[in-house]
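Structural description and commentary
Read off the chains here:
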Number of protein chains: 2
Amino acid sequence: MKVTRRELLAGAAGAVAMGATAGAQTPTDPSKVRGKPPRATGQRAAAEKVQRIVRSGSASGTPHEGLMGIITPSDLHFERHHGGVPEIDPSTYSLLIHGLVERPTIFTLADLKRFPSHSQIHFLECSGNLGRTAGPETTPGQLAGLTSTSEWTGVRLSTLLKEVGVRPTAKWLLAEGADAAVLSRSVPIEKALDDAIVAYGQNGEALRPEQGYPVRLFLPGWEGNASVKWLRRIDVSNRPFMTREETSKYTEPFANGTARMFSFRMDARSLITYPAFPNTLQKGWVEIKGIAWTGAGKIRRVDISTNGGRTWVPAQLQEPVLSLAHTRFRHLWEFTGREAVIMSRAVDESGYVQPTRAELLKLRGPGTTGYHLNPITGWVVRADGTVVYKEEA
Amino acid sequence: MKVTRRELLAGAAGAVAMGATAGAQTPTDPSKVRGKPPRATGQRAAAEKVQRIVRSGSASGTPHEGLMGIITPSDLHFERHHGGVPEIDPSTYSLLIHGLVERPTIFTLADLKRFPSHSQIHFLECSGNLGRTAGPETTPGQLAGLTSTSEWTGVRLSTLLKEVGVRPTAKWLLAEGADAAVLSRSVPIEKALDDAIVAYGQNGEALRPEQGYPVRLFLPGWEGNASVKWLRRIDVSNRPFMTREETSKYTEPFANGTARMFSFRMDARSLITYPAFPNTLQKGWVEIKGIAWTGAGKIRRVDISTNGGRTWVPAQLQEPVLSLAHTRFRHLWEFTGREAVIMSRAVDESGYVQPTRAELLKLRGPGTTGYHLNPITGWVVRADGTVVYKEEA
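These figures come from a predicted structure and were not determined experimentally.

Reading the values: the criteria
- Residues numbered from 1 in each chain as written.
- Chains lettered and ligands numbered in written order.
- Predicted model: local features only at pLDDT ≥ 70, side-chain atom pairs only at ≥ 80, totals over all residues.
- Least-squares fit on C-alpha atoms with pLDDT ≥ 70 in both.
- Contact = placed C-beta atoms within 7 Å.
- Pairing = 2+ DSSP bridges.
- Helix = DSSP H or I, 4+ residues; strand = E, 2+ residues; numbered from the N terminus.
- Domains from an automatic or database assignment.
- Nonpolar A, V, L, I, M, F, W, Y, C, P; charged D, E, K, R; others polar.
- Buried ≥ 20, exposed ≤ 12 C-beta atoms within 10 Å, placed from the backbone.
- Arc of directions from axis to C-beta.

Turning our eyes to something else, we now look at the relation of the copies chain A and chain B. Note on the identical chains: chain A maps onto chain B by a rotation of 180° and an axial translation of 0.0 Å, with an RMSD of 0.0 Å. The relationship between the two copies is best expressed as a two-fold rotation axis. Residues of chain A ranked by C-alpha distance from the rotation axis are headed by A:Pro73, positioned 3.8 Å from it. The fraction of interface residues of chain A whose copies in chain B are also interface residues reaches 100%, indicating that both copies meet through the same surface.

Written out as structure tokens, the structure reads:
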């Protein structure tokens with residue numbers, strides 16, 4: 001029996017834990033020790049080690065293998081930046097909107113917060129979210145950690161554009177960040193007037209620095225790069241701006257020699273987060289779990305295969321299924337001790353079906369970039385219960 | 001112009017910020033400084049000071065005045081405990097289910113996680129959530145901070161009860177905590193078999209210690225006290241156990257001399273979180289914002305009065321409205337510089353209407369306890385724009 005110093009001091013050294021009455025190994029008994037008082041902010045339990053996966057000097061991913069449900073804790077939301085995370089003083093922050101507008105205006109943070117606000121639970125995914133995998137020993141977070149889901153709050157961009165008076169000739173706008181990369185993207189006016197948010201809130205509180213504090217653009221369902229963080233300027237124009245991040249980057253060459261630019265929308269994808277590397281299964285019933293998402297709206301169905309894609313059955317979806325948000329799927333499967341390849345395939349409300357890697361590479365052709373890759377992926381459950389990533393699922 | 005030491009070192013002392021071109025006060029320019037690298041876990045921006053409101057040695061509340069949307073960050077979820085927050089080793093944790101069952105069983109945490117899982121976004125409210133107010137200088141979090149909303153994940157209690165084989169004579173069960181108070185409550189078997197969760201997850205990750213780590217009971221829509229934290233034992237019986245927490249406490253005397261016991265369900269309530277003390281308004285349009293919730297399911301409507309309850313108009317509700325979760329409401333109102341009393345009133349899908357304080361006290365009679373008090377509350381916006389709590393709204 002393990003006895004802590006604190007229990008000795010509390011005179012409870014001989015306490016027998018509840019479980020002991022039923023024959024379990026006797027643990028120390030927390031009910032014999034006065035617990036901790038309230039705290040101004042909570043902390044994780046000491047035994048919980050969940051952390052982001054730092055991929056490079058400019059990116060870290062969400063550790064999906066350690067998460068449940070659909071909400072990503074803000075401090076585990078993925079980050080991706082091109083000039084580091086800037087420190088911005090909210091008291092001097094301002095957003096300039098100019099160009100093809102009647103009233104060029106500078107908004108302070110307080111100004112933005114006076115407008116009607118809007119909150120929605122949405123995923124955000126980097127279009128480069130197919131990690132360089134480490135072969136069989138790749139975790140879900142390494143494979144696809146650059147997607148996360150938060151409740152975003154802000155003012156609709158359409159509200160601000162109404163305030164400044166967008167001219168009829170406006171077709172595009174430039175969104176410019178205040179980071180050292182001055183990351184800049186062109187956004188069609190239709191998206192700006194539809195569901196774009198100038199966001200200052202994330203999961204109930206202020207944005208976190210890595211997600212654009214104090215203010216970012218948020219374009220639901222679109223590649224993360226276009227949702228410009230640390231937003232300082234919007235220039236309304238009649239044409240796209242052809243920035244570095246949409247010409248030399250974030251463009252996909254196709255097999256026929258053409259290239260796709262301004263491919264904003266993220267296509268449907270799914271990811272099994274359990275079982276996965278480095279889990280080891282025991283024989284018996286296993287709940288296959290994961291997340292699916294699509295830039296087209298709602299996930300309609302997630303299919304599961306436990307035989308390498310020969311046959312598929314629909315998983316259960318966590319209700320309510322939210323539009324443009326991670327959707328949790330679950331499927332009970334019996335591991336009998338025979339090797340199995342488990343895979344998931346998302347189908348969205350537009351009818352789009354997540355493609356196999358072969359289908360995707362055939363479309364893209366040789367030399368394709370790593371953007372907007374959403375192949376079906378899978379895991380091999382070996383006969384001994386160990387689980388590894390299957391590169392060519 | 002303020003120049004930081006870092007900017008001087010970076011040779012960017014003379015940098016002119018973007019905003020300056022439009023005539024704004026010149027801020028330092030973060031785009032001239034390389035930002036911070038990725039971090040394994042994020043932290044709040046230094047300027048953000050949001051914290052729980054520590055009310056006593058056994059409770060802290062959610063600072064609703066600083067929050068947006070419906071999700072409460074886990075480290076700001078309210079806490080209420082009767083023996084402090086215990087430290088429990090998850091590797092030795094166990095849950096015993098015994099009594100009127102065929103197979104008394106001890107479940108480890110790993111055992112619980114092997115069962116089919118279930119996640120839902122739900123509020124949790126302490127039935128003592130009408131704070132001792134400090135008169136006019138009371139904040140929303142002081143007034144009603146003992147309610148929070150998280151996405152909870154766990155195994156349905158019905159699944160575990162099926163596993164152990166509940167006998168037909170079972171009518172109630174005892175849920176017992178492992179804290180120093182050994183907090184214990186009786187729960188009707190109908191709730192246990194309906195939507196009760198044995199929860200190990202909160203907002204995507206493990207429960208936080210103050211919310212019951214590693215495992216708690218969660219009874220959607222019911223008073224928080226019955227959702228026993230640090231759950232170590234469930235004893236299935238044919239009668240309630242008449243524990244201290246349901247006899248001397250958590251019972252409401254009525255005007256006619258009787259008392260109501262086992263009043264589990266939380267009735268509909270709403271809270272304006274902005275404007276509120278200590279805000280000061282400028283004249284012009286103001287978005288009145290707040291949260292509403294009900295143990296009966298979904299909020300159907302939130303009415304707003306800006307004239308002390310004489311007339312009411314419906315607020316906008318954040319969609320989708322989730323069952324048994326905080327619902328964010330918003331209403332645009334013009335503050336003209338005339339004193340106004342603003343109030344909110346929740347109506348739920350059962351047709352229940354949040355009562356006035358007078359209606360509630362008439363029903364309860366003199367000497368009523370502080371449990372299950374959900375009166376309409378309000379704020380006075382004075383002519384000078386200062387806002388104070390109105391005790392007798």
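Our next topic: the sheet that holds strand 3 (residues 79-80) of chain A. Residue and element names in this part refer to chain A. One open sheet accounts for three strands, arranged 1-2-3; its pairing is antiparallel. Among the strands making up the open sheet, the edge pair consists of strand 1 (53-56) and strand 3. Here strand 2 (residues 59-61) pairs with strand 3 via two bridges, running antiparallel. Along strand 3, the bridge assignment pairs Ser60 with Glu79.

A few words now on the domain arrangement of chain A. Residue and element names in this part refer to chain A. Split into domains, chain A comes out as domain 1 (53-260) and domain 2 (269-390). The interface is formed by 29 residues belonging to domain 1 together with 29 residues belonging to domain 2. Only strand 6 (118-125), helix 3 (140-144), strand 7 (147-156) and strand 14 (252-253) provide two or more residues apiece to the side of domain 1 that touches domain 2. When residues of the side of domain 1 that touches domain 2 are assigned to their parent elements, the largest contribution, four residues, is made by strand 6. Considering only residue class, the side of domain 1 that touches domain 2 consists of 14 nonpolar, eleven polar and four charged.

A few words on the interface of chain A and chain B. The partner chain B presents 84 residues to the 84 residues of chain A that form the contact. Elements supplying a minimum of two residues to the side of chain A that touches chain B: strand 2, strand 4 (94-99), strand 7, strand 11 (205-206), strand 13 (231-237), strand 17 (284-293) and strand 21 (327-335) of chain A. No other element matches the three residues that strand 21 of chain A contributes to the side of chain A that touches chain B. Counted by class, the side of chain A that touches chain B contains 37 nonpolar, 27 polar and 20 charged residues.

Residue and element names in this part refer to chain A. For strand 18 (residues 299-305), the tally of buried residues reaches five of seven residues, placing the bulk of the element in the interior. Where strand 18 meets strand 22 (residues 340-348), six bridges bridge the pair, whose relative direction is antiparallel. Bridge pairing in strand 22 places Ser305 opposite Met343. In this structure, strand 18 lies alongside strand 19 (residues 313-314), joined through two bridges in antiparallel fashion.

Residues and elements named next belong to chain A. For helix 4 (residues 157-164), the complete set of buried residues consists of Leu157, Leu160 and Leu161. Here the buried residues of helix 4 occupy an arc of 100° about the axis, which is enough to place them on one side. In this structure, the buried side of helix 4 is in contact with strand 4, strand 7, helix 5 (189-194) and strand 10 (197-202). Count one or two residues on from helix 4 and you reach Gly165, which has phi positive near 75°.

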